[in-house]
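# Overview (structure and organization)
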Amino acid sequence: MSHEAAGVPTTRNDEDRQDDVPQDSDDVQQNEAEPDAPDDAGPRPEARLARAVQVAEQALIEFEIAVETFRVEVENFSRLHHQKLGPMYARLDELDALIAEARAAKSGDPEDERKAREARAVVMPMPGVDELFHDWMDTDGLSPEAAAMLTEQPVRPPKRVRPSEEARRLYRELARKAHPDLAQDEVERQRRDEFIARVNAAYGRGDVELLKELVAEWEAGPVQPPAPLSESEELYARLEWLSRRKELLTVLAKELEDGAIGSMLRMAPDDPDQLLEDIAEQLLGEVSRREAELAEMTR
């Protein structure tokens, strides 16, 4: 058996080997590379969209954390502001009322008297629960006398409505069309039961307009379940929801920042306690000046 018959190439010189090489070697390289082409293709559009949704979700979570953190800071600062500075503001209001009353007493001017009444109204305490309810309530709730008075009163029956002829006509029409006994299966019976319950309630109130709406609803037929979304549609819907949620959070964040307490916090985000001290010092100075003004007027 010769070497050629055995499939082993015979020995040739370089020139012979070069003649055997195909002329278009680039085609060979390209053909050899073709099986690997799918690996170089980019990810599916749905995959890129899913990645965008994931990034948006993480960004929204971080934004929510930031907004909620700021909201808690505003709430805590507001509480501290009220505890520490509330008495000073109350004292300033009281001094303003006293000064206005002293001025009105000296001048007798009706306009000064009006301003004095307005200033006093600012510091007038709200009536207590006992004053509002005139001894109907005590610390344990309703007083025994009030409870007895309430429980002994007869319960008024609900107002009876005589449905109009139009209401009766609509009711009969709906009852004939939507009666549960006309159902072909259990699901349809349940739908009719729920619908007739709404019809009965509307008829009991004599609500003609609602009965007309129920007629139109029945004629439109049962609400069809929405068609299932494709993967892309679901991802786009998720992105839209994330966008709307971010818009709502942006509005909330702006309201917090533009509020009185939020604006104060932004003045000293690193040391809000010192800010309270500074404001307290300013208020003490205002109290001193008003007390001196009042003392001068009442000499």
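Presented here is an overview of the structure given in this document. Only a predicted model underlies this, so the values are computations on that prediction, with no experimental measurement involved. (Residues numbered from 1 in each chain as written. Predicted model: local features only at pLDDT ≥ 70, side-chain atom pairs only at ≥ 80, totals over all residues. Heavy atoms only, no water.)

## Observations concerning the packing of aromatic side chains
Condition: Put simply, two rings from Phe, Tyr or Trp (the six-membered ring, in Trp's case) pair if the centres are within 6.5 Å, and we call them stacked under 30 degrees between planes, edge-to-face over 60, tilted for the rest. Each helix corresponds to a stretch of at least 4 residues labelled H or I by DSSP, and each strand to a stretch of at least 2 residues labelled E; elements are numbered beginning at the N terminus. Per-residue accessibility, obtained with a 1.4 Å probe over protein chains only, is compared with the maximum for each type, and a residue is labelled buried under 20%, exposed over 50%, and partly exposed between these values. Here, a charge over a ring is recorded when the distance from Lys NZ or Arg CZ to the ring centre is within 6 Å and its angle to the ring normal is within 35 degrees.
Under the definition given, this model contains two aromatic pairs. Centre to centre, the rings of Y171 and Y203 are 4.3 Å apart; their planes meet at 15°, and the pair counts as stacked. Of this pair, Y171 sits in helix α8 (residues 165–178) while Y203 sits in helix α9 (residues 186–204), and the two are 32 residues apart along the sequence. With a centroid separation of 4.9 Å and an interplanar angle of 40°, the aromatic rings of F195 and W218 are classed as tilted. Of this pair, F195 sits in helix α9 while W218 sits in helix α10 (residues 208–220), placing them 23 residues apart in sequence. Taking the relative accessible area as the measure of exposure, F195 reaches 4% and is therefore buried. Positioned above the aromatic ring of F63 is the side chain of K246, whose terminal nitrogen or guanidinium carbon lies 5.5 Å from the ring centre.

## What to know about α8
Definition in use: Helices are assigned an expected span. That span is 1.5 Å times one less than the residue count. Working note: the arc is built from the helix axis to C-beta atom directions. Only heavy atoms enter the contact rule, under which two residues are in contact if any of them lie within 4.5 Å.
With 14 residues, α8 should cover 20 Å at 1.5 Å per step; its first-to-last C-alpha distance of 20 Å lies within 8% of that length. Taken together, the buried positions of α8 are A167, L170, L174 and A178. One face of α8 carries all of its buried residues, which in axial projection span an arc of 70°. Against the buried residues of α8 lie α9 and α10.

## A few points about the side chain of R192
Residue placement: R192 occurs in helix α9. Once residues lying within four places of it in the same chain are set aside, the contact partners of R192 are K177, A178, H179, P180, L182, A183 and W218.

## As for helix α5 (residues 110–123)
In an α-helix, one turn spans 3.6 residues; hence positions three or four apart end up facing the same way. In a regular helix each residue adds 1.5 Å, so 14 residues correspond to 20 Å; α5 covers 21 Å between its end C-alpha atoms and thus fits that length. Buried within α5 are the following residues: D112, A116 and A119. Down the axis of α5, the sector holding all buried residues measures 65°, keeping them to one side. Exposed side chains of α5 directed beyond 90 degrees from the buried face belong to P110 and R117. Packing partners of the buried residues in α5 comprise α4 (45–107).

## Thoughts on the nonpolar core
Quick note on the threshold: We call a set of buried residues a nonpolar core when its members are Ala, Val, Leu, Ile, Met, Phe, Trp, Tyr or Cys and they connect through side-chain atoms within 4.5 Å of each other.
Counting 24 residues, the largest nonpolar core has V74, F77, L85, M264, L275, I279 and L283 as its most contacted members. For this core, the secondary-structure elements that each account for two or more residues are α4, α11 (231–258), α12 (260–267) and α13 (272–297). Examining the composition of this core, we find that ten residues originate from one element, α4, more than from any other. The residues contacting I279, other than those within four sequence positions of it, are L85, Y89 and M264. If you look at the next biggest cluster of nonpolar residues, it comprises 14 residues, including I196, V199, L211 and L214.

So far we have only geometry, and geometry alone does not tell us how the molecule works.
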